[in-house]
Amino acid sequence: DPQLSRALAALHRDPGRAWTVADLAREAGLSRTGFALRFASDMNMTPMAYLTQWRMQLARHALRHGREPVADVAERVGYGSEAAFVRVFRKEAGLTPAAFRRAA
């Protein structure tokens, strides 16, 4: 889907941006509702769930392969606070970022 592809490309180019569904809909050239419905139908998840999964994938890679402090990883993938990042990471990965890094 070319319209969803534009939104996904923008999200992948700048995962740290404070994206909203409205922002992604503008990238796609669709209404907010039309974008959200099409995205959920085609991707089997909401746009914000996709964004969270993409950010967590980037964070896992950074923690596994880099030495960057957790706070810096959090900021780079779009979390304004380390605490918020740790909460989401633990929910998604089952471990804190520090424990994930040690296990990797």
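Structure: above.
A brief look at the structure comes next.

Parameters and conventions
Residues numbered from 1 in each chain as written. Predicted model: local features only at pLDDT ≥ 70, side-chain atom pairs only at ≥ 80, totals over all residues. Heavy atoms only, no water. Helix = DSSP H or I, 4+ residues; strand = E, 2+ residues; numbered from the N terminus. Polar contact = N/O pair within 3.5 Å; in protein donor to acceptor, adjacent residues only side chain to side chain. Contact = heavy atoms within 4.5 Å. Axes fitted to C-alpha atoms, helices over the stretch in contact; angles between N-to-C directions. Parallel < 35°, antiparallel > 145°, perpendicular 65-115°, else oblique. Left-handed = near helix turned anticlockwise from the far one by under 90°. Nonpolar A, V, L, I, M, F, W, Y, C, P; charged D, E, K, R; others polar. Salt bridge = Lys/Arg side-chain N within 4 Å of Asp/Glu carboxyl O. Buried < 20%, exposed > 50% of the residue type's maximum accessible area, 1.4 Å probe, protein only. Expected span 1.5 Å × (residues − 1). Arc of directions from axis to C-beta.

## Observations concerning the side chain of D23
Locating D23 in the fold gives a position in helix α2 (residues 21–28). At a separation of 2.6 Å, a polar atom in the side chain of D23 contacts the side chain of R26. In contact with D23, not counting residues within four places along its chain, are R17 and A18.

## Considerations on the packing of helix α1 (residues 2–13) against α2
Axis separation between α1 and α2 bottoms out at 7 Å; the angle between their running directions is 125°. By the angle between their axes, α1 is oblique relative to α2. Of the two elements, α1 crosses α2, and the hand of that crossing is right-handed. Residues Q3, R6, A7, A10, L11 and R13 of α1 form the contact with α2, whose own contacting residues are L24, E27 and A28. Looking at the contact of α1 with α2 residue by residue, the class counts come to five nonpolar, one polar and three charged.

## Quick word on the pattern of salt bridges
One pass over the structure, following the stated rule, counts four salt bridges. The partner of D23 in a salt bridge is R17, with the nearest N and O atoms 3.8 Å apart. Residue class for R17 comes out partly exposed when judged on its relative accessible area of 32%. Taken together, the shared-partner salt bridges connect R17, D23 and R26 into one network.

## Notes on α1
The first and last C-alpha atoms of α1 sit 16 Å apart over 12 residues, in line with the 16 Å expected at 1.5 Å per residue. Taken as a whole, α1 has its buried residues at L4, A7, L8, A10 and L11. Each buried residue of α1 lies within a common arc of 160° when the element is viewed along its axis, so the set occupies one face. Counted as exposed and oriented over 90 degrees from the buried face of α1: P2 and R13. Those residues of α1 hidden inside the fold are in contact with α2, α3 (32–43) and α4 (47–65). By the N-cap criterion, in which a side-chain oxygen at the helix start approaches the backbone nitrogen of a residue two or three places on, α1 is capped by D1, the distance to Q3 being 2.9 Å.

## Considering helix α6 (residues 82–93)
Under the 1.5 Å per step criterion, the end-to-end length of α6 is 16 Å for 12 residues, consistent within 8% with the ideal 16 Å. Buried within α6 we find A84, F85, V86 and F89. Looking at the buried residues of α6, the elements they touch are α4, α5 (70–76) and α7 (97–103). Looking one or two places after α6, you find G94, whose phi comes out positive at around 80°.

As far as function goes, none of this settles anything; it's purely spatial.
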